[in-house]
Amino acid sequence: MKLTSAFKALLASALVIGLTACMNTSEDSTTAKSGVDIDALIDSMTLEQKVAQMIQGEIKWVTPADVRKYGIGSILNGGGSFPYTNKQATISDWQRLAAEFREASLNTSQGTAGIPIIWGTDAVHGHNNVVGATLFPHNIGLGAARDSELMYRIGRATALEVSATAIDWIFAPTVAVAKDERWGRAYESYSDQPQIVSDYAKAMIGGIQSTGLGATAKHFIGDGATIKGDDQGDVILPLEELVEIHGAGYVSAIEAGVQGVMASFNSWHGEKLHGHKFLLNNVLREQMGFEGMVVGDWNGHGQVRGCTNSDCAQAINAGVDLIMVPEDWKELMFNTVRQVKEGVISEARIDEAVHRILTMKKELGLFEKAIDRPSIEVVGSADHRAIAREAVRKSLVLLKNKGSLPLSPKGNYLVMGDASDNIGQQSGGWTITWQGTGNNNSDFPGGTSIFDGIKATVEASGGRVALQQWDDADGTPDAVIWVFGERPYAEGLGDLEHLDFVHTNPAELDRAKAYADAGIPVVSVFISGRPMWVNEELNLSDAFVAAWLPGSEGVGVADVLIARDSGVPNFDFTGRLSFDWPQAPINVERPDAPVEDILFSYGFGLNYASEIMPWRVLSEESIGIAADTDVVVFNRGLRGDWQLSLSDKAGVVPVNASIVTTETGALRVATTDIDVQEDGLLFTWKGEGGFRMAADNSQDISAAQGSSLQFSVTLPSGAPDSFVLSMACEEACEGNLDIAKQLGALEKNNWHIVAIDTACFARDMSAVDAVVDVVANGEFQLTIQDVRIAKTSVVPVTKCE
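Residues numbered from 1 in each chain as written. Predicted model: local features only at pLDDT ≥ 70, side-chain atom pairs only at ≥ 80, totals over all residues. Heavy atoms only, no water.

*Asks:* A description of the overall build of the protein should follow, citing residues and the corresponding values.
*Replies:* Each helix and strand counted, the protein has 21 helices and 32 strands in total. For 801 residues, the compact-globule estimate of 2.2 N^0.38 gives 28 Å, and the C-alpha radius of gyration of the protein, at 27 Å, lies within 12% of that figure. Expressed as lengths along the three principal axes of its C-alpha atoms, the size of the protein is roughly 80 × 70 × 50 Å. By residue count, 60% of the 801 residues in the protein fall in the buried class. Of the contacts formed within the protein by residues at least 6 apart in sequence, a portion of 77% connects residues at least 24 apart. Of the roughly 29,100 Å² of accessible surface on the protein, 49% is carried by carbon and sulfur atoms. Distance from the positive charge centre (61 side chains) to the negative charge centre (105 side chains) of the protein: 4 Å. (Helix = DSSP H or I, 4+ residues; strand = E, 2+ residues; numbered from the N terminus. Rg over C-alpha atoms; globule rule 2.2 N^0.38 Å. Buried < 20%, exposed > 50% of the residue type's maximum accessible area, 1.4 Å probe, protein only. Contact = heavy atoms within 4.5 Å. Areas by Shrake-Rupley, 256 points an atom, 1.4 Å probe, with all protein chains shown as cover. Lys, Arg positive; Asp, Glu negative; His and termini not counted. Charge placed at Lys NZ, Arg CZ, Asp CG, Glu CD.)

Now the structure itself:
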């Protein structure tokens, strides 16, 4: 393979450091620390015991009893998965479950090898699955901060909070170089330029591993380079460009001594990375020099050609050492043992993988009888929140200022917008739940919304702040601080066709325009996981701040927006764009956007010393964007403002975790994998229960009048006795239809589209509260992959008289 001189220099540096570390080691790496001889341990293990070490299951589907019986090597908690399925699990709950798993793994009474288990977690912007943890800005904001020393401190603080919950391994940092911001994981990328990613990878890994925990560079390789930003899509790049740009973070990660690398979901020239032996071995190991352990991503092996989630010799043979198989772990384990006995996988390859896994466990001290942990008080500590607050300040990028900023702390201000007092929205995806949805401010004890910070700062100096509504009897506000932006999302759900920001509440935009037209300065604070086309909002604003996804310490925004009593800024803007900001709503297929499509270039960022320049009014025409007449309710997750709840005779239960059951147990829903991670909902009825897909505020979907309500469904077992379907509206939604017979007639375990004329339910769809309202009875299961209101249907539409 041909490499550029720059890449060769980086690689040479990594190899020199690695060789120096080896020469300075007084003991062989396999016998250091605990004194356990890894080679001897492997020699003593049966094939079944060795294969079990290569299995990583998810805590929703693995119990301590399973670990005691089968001796699997690893567990993880995915986003939205909690100890004992309790979203409000305490730190003690996390510790207790970890202790139960560790004790089970050391127990040899049922024939296991007694090797300590390792627990991994996606702590991607703090220990973000844990209520009360410190949440730092997402990576895109950190990229704007340009501060590697701060990244080290964030990595260390995160790892200390993770360690306090008795977890030893972090699936971070993400070292993707996102080249198309339509990708739903763009906010997990520090920059679209490899140098920032390279610098930050080294710093973040150094911080994490300084605590004794393990870090993981992910996702190898090219996750940020897919065509049109398609999550888990294909990368069509020459090898040299793939490695030099999208491999830069791995070179520095290896230089920093990273212990794990996670394989990516994407393909390279049509071949999935989980089965790509050339990239996982020739490039990652032989040319980059990685000696640690490669872990798969969530059922990523199942996407390899010829594989399923429960059967994939190809991924192991390609170089994946630890298979992340959340639910089907037992079947995969049995099938892998069989494949070794049949010669499909060599036992030497199994030994190699297990050696890497056990070496990592040993380096993390897991073979020790006692593991030092920080106290639980470190989780959400004042010191860590201070670091996060500093990171918020440094991540803010000032894109426009006509002189309104900084604001006087003695002024009178209206703070408005859907994100103004919403810690969940300002924190984005991967926040307690996977997609970051289903949260409210009470889920963030110790955190501050952006409104909280502004209110406290202004009122401390005698000013006044109102939230959402201004009392005209008090005159007019000195300025309106409008906090708005994207709703939370993670991969899949966050993918876009274009970068035109679409307001979920258009009335907000109208209000902001009205204030601007009345001569009241509008200071816009934009919450987003990527640069977006917001020309209309930029035009009406006197000042415009890109705040990204700041996390739990919203007070950091006020630190920069509000001046001291003297008028001198408390803190200046120092953030600079780590991505280009678009002038056109359609993001062209990279490698590079034409200059005419860039409004603010990489590195742009104003401060309070910047010269105030006349504003050039931007075009507000959304060229080339076709109107979408479908109302998508569920597709790889709930869309828009729609939320899911369950009900039974005991009451209503919001669905804010990956598994939720009604109080009587009549209805249970769990996310399930169909094509990709958690892209379906599996409902299990054991009596009478219902579910709703509804919004907090009535939705005007009258443009879809005359359409059909469509479900993509399968029935794994049983059939409903009744299945009454309706909608809920402010008025004129009195219709319902029992489709139990229609569902019961469907062929089991095959996918079907069910389409019902919306006229069966609603005569007027201008104020819909619940687009789906189901009450059903029986003992059966129903899996849903897609719910929408659509103008066209590929199947006959059921009509009503």
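Next comes the rest of the account.
*Asks:* Tell me about empty space enclosed by the protein, residues and numbers included.
*Replies:* Within the structure shown, the criterion is met by nine cavities of 30 Å³ or more. For the largest cavity, the calculated volume is near 110 Å³. What lines the largest cavity is a set of 17 residues, and nearest its centre among them are Ala123, Val124, His125, Ala172 and Met204. Listed by contribution, the elements that provide at least two residues to the lining of the largest cavity are helix H6 (139-145), helix H7 (148-164) and helix H8 (194-209). When its residues are assigned to classes, the lining of the largest cavity shows eleven nonpolar, six polar and no charged. (1 Å grid on protein atoms, 1.4 Å probe; cavity = no way out; pocket = protein on both sides within 12 Å on 5 of 7 lines; lining within 4 Å. Points joined across faces, edges and corners; volume = space filled by probe spheres on them. Nonpolar A, V, L, I, M, F, W, Y, C, P; charged D, E, K, R; others polar.)

*Asks:* Residue-level account of the sheet that holds strand S11 (residues 323-324), with values.
*Replies:* Read across the open sheet, the five strands follow the order S4-S3-S2-S1-S11; overall the sheet is parallel. Taken across any chain shown, the strands that pair with only one partner, and hence form the sheet edges, are strand S4 (169-170) and S11. Taken together, the two bridges between strand S1 (residues 55-58) and S11 define a ladder with parallel strand orientation. Within the sheet, the bridge partner assigned to Gln56 lies in S11 and is Met324. (Pairing = 2+ DSSP bridges.)

*Asks:* Please set out the side chain of Ser707 residue by residue, giving values where relevant.
*Replies:* Note on placement: Ser707 falls in the loop between strand S26 (689-699) and strand S27 (708-718). A distance of 2.6 Å separates the side chain of Ser707 from the backbone oxygen of Ala704, its partner in a polar contact. In this structure Ser707 touches Ile756, Asp757, Thr758, Ile789, Ala790 and Lys791, once residues within four positions along its chain are discounted. (Polar contact = N/O pair within 3.5 Å; in protein donor to acceptor, adjacent residues only side chain to side chain.)

*Asks:* Mind laying out the side chain of Thr672, listing which residues take part and the relevant values?
*Replies:* Following the sequence through the fold, Thr672 ends up in strand S24 (residues 667-672). With sequence-adjacent residues up to four places away left out, Thr672 is seen in contact with Glu678, Asp679, Gly680, Leu681, Leu682 and Thr783.

*Asks:* Tell me about the state of the cysteines, and name the residues and values.
*Replies:* Applying the stated rule across the entire model yields two disulfides. Bridging Cys307 to Cys312, the disulfide has an S-S length of 2.2 Å. Handedness here is read from the sign of the S-S torsion; for Cys307 and Cys312, about 65°, the answer is right-handed. By relative accessible area, which is 12% here, Cys307 ends up buried. What pairs with Cys760 in a disulfide is Cys800, and their sulfur atoms sit 1.9 Å apart. The chirality of the disulfide connecting Cys760 with Cys800 is right-handed, given an S-S dihedral of about 100°. With a gap of 40 residues between them, Cys760 in the loop between strand S30 (752-757) and strand S31 (768-777) and Cys800 in the segment after strand S32 (779-790) connect regions that are remote in the sequence. (Disulfide = S-S within 2.5 Å.)

*Asks:* Run through the sheet that holds S26, naming residues and quoting values.
*Replies:* As summarised here, the arrangement of the six strands in space is S22-S21-S26-S31-S28-S29, forming an open sheet in which the pairing is antiparallel. Strands at the two margins of the open sheet, each flanked by one partner only, are strand S22 (651-654) and strand S29 (736-738). Strand-to-strand twist in this sheet, taken as the mean axis angle between neighbours without regard to direction, amounts to 20°. Note: S26 against S31, seven bridges, orientation antiparallel. In the sheet register, Phe691 faces S31, and the bridge partner there is Val774. (Axes fitted to C-alpha atoms, helices over the stretch in contact; angles between N-to-C directions.)

*Asks:* Account for unusual backbone geometry, with residues named and values stated.
*Replies:* Following Phe220, the chain continues into Ile221 via a peptide bond in cis, with omega recorded as 0°. Looking at the element boundaries, Ile221 is found in the loop between strand S5 (216-220) and strand S6 (234-235). Geometrically, the link from Leu405 to Pro406 is a cis peptide bond, its omega value of 0° lying close to zero. Within the secondary structure layout, Pro406 lies in the loop between strand S12 (397-401) and strand S13 (412-416). Backbone geometry places Glu678, a non-glycine residue, at a positive phi of 50°. The phi dihedral of Asn749 is positive, around 65°, even though this residue is not glycine. Position of Asn749 relative to the elements: it lies in the loop between helix H21 (740-744) and S30. According to the relative accessible area criterion, Asn749 is exposed, its value standing at 53%.

*Asks:* So what about the packing of helix H9 (residues 239-246) against helix H11 (residues 277-287)? Which residues, and what values?
*Replies:* Contact geometry of H9 with H11 gives a least axis separation of 13 Å together with a crossing angle of 65°. For the pair H9 and H11, the crossing hand works out as right-handed. Taken together, the residues of H11 that come into contact with H9 (itself represented by Leu239, Leu242 and Val243) are Phe278, Leu279 and Val283. Partitioning the contact of H9 with H11 into residue classes produces six nonpolar, no polar and no charged. (Left-handed = near helix turned anticlockwise from the far one by under 90°.)

*Asks:* Mind laying out the environment of Met416, listing which residues take part and the relevant values?
*Replies:* Summarising the element assignment, Met416 is placed in strand S13. By relative accessible area, Met416 is classed as buried at 0%. Considered as a pair, Met416 and Ser44 are 372 residues apart in the sequence and their alpha carbons are 65 Å apart. The contact partners of Met416, leaving out residues within four places of it in the chain, are Gln468, Val480, Ile481, Trp482, Val483, Glu508, Arg511, Ala512 and Tyr515.

*Asks:* Talk me through the nonpolar core; I want residue IDs and the actual numbers.
*Replies:* Residues Phe691 and Phe723 are the most contacted members of the largest nonpolar core, which totals 173 residues. For this core, the element with the highest residue contribution is H8, accounting for eight residues. Ignoring sequence-local partners within four residues, the contact set of Phe691 consists of Leu644, Ser645, Leu646, Leu667, Phe683, Trp685, Phe723, Val772, Asp773, Val774 and Ile784. Residues Ala512, Val522, Leu540 and Val545 belong to the second largest nonpolar core, which totals 71 residues. (Core = buried A, V, L, I, M, F, W, Y, C linked by side-chain atoms within 4.5 Å.)

*Asks:* If you had to explain the packing of aromatic side chains to someone new, which residues and values would you point to?
*Replies:* How two aromatic rings sit relative to each other is given by the distance of their centres and the angle of their planes. Taken as a whole, this structure holds 25 aromatic pairs when the rule is applied. A ring pair is formed by Tyr187 and Tyr489, whose centres lie 5.5 Å apart and whose planes are at 65°; its orientation type is edge-to-face. In this pair, Tyr187 sits in the loop between S4 and H8 while Tyr489 sits in the loop between strand S15 (479-485) and helix H18 (506-517), placing the two residues 302 residues apart along the sequence. A relative accessible area of 1% means that Tyr187 is categorised as buried. The interplanar angle of 20° and the centroid separation of 3.9 Å between the aromatic rings of Trp482 and Phe484 together place this pair among those described as stacked. Among the residues examined, Phe484 registers a relative accessible area of 1% and is labelled buried. (Phe/Tyr/Trp six-rings, centres within 6.5 Å; stacked < 30°, edge-to-face > 60°.)

*Asks:* If you had to explain the environment of Arg576 to someone new, which residues and values would you point to?
*Replies:* Inspection of the secondary structure assignment puts Arg576 in the loop between helix H20 (555-561) and strand S18 (581-582). Residues Arg576 and Ser601, 25 residues apart in the sequence, show an inter-C-alpha distance of 9.6 Å. Look past the residues within four positions of Arg576 in its chain and what remains in contact with it is Gly143, Ala144, Arg146, Val397, Gly603 and Phe604.

*Asks:* Summarise the packing of H7 against helix H15 (residues 382-395); cite the residues concerned and give the values.
*Replies:* Running from N to C, H7 and H15 point in directions that differ by 145°, and their axes come no closer than 10 Å. Both H7 and H15 take part in a crossing whose hand is left-handed. Across the interface between the two elements, Leu150, Arg153, Ile154, Ala157, Leu160 and Glu161 of H7 pack against His384, Ile387, Glu390, Ala391 and Lys394 of H15.

*Asks:* Talk me through the pairing of strand S16 (residues 522-527); I want residue IDs and the actual numbers.
*Replies:* Of all six residues in S16, six are buried; the element is thus mostly enclosed. Strand direction decides the pairing type here: S15 and S16, joined by six bridges, are parallel. Of the residues in S16, the one forming a bridge with Val483 is Val525. In terms of handedness, the path from S15 via H18 over to S16 forms a crossover that is right-handed. By the bridge criterion, five bridges tie S16 to strand S17 (residues 543-548) in an arrangement that is parallel. What sits directly across from Val523, in S17, is Ala543. (Right-handed = clockwise from strand over helix to strand, strands pointing away.)

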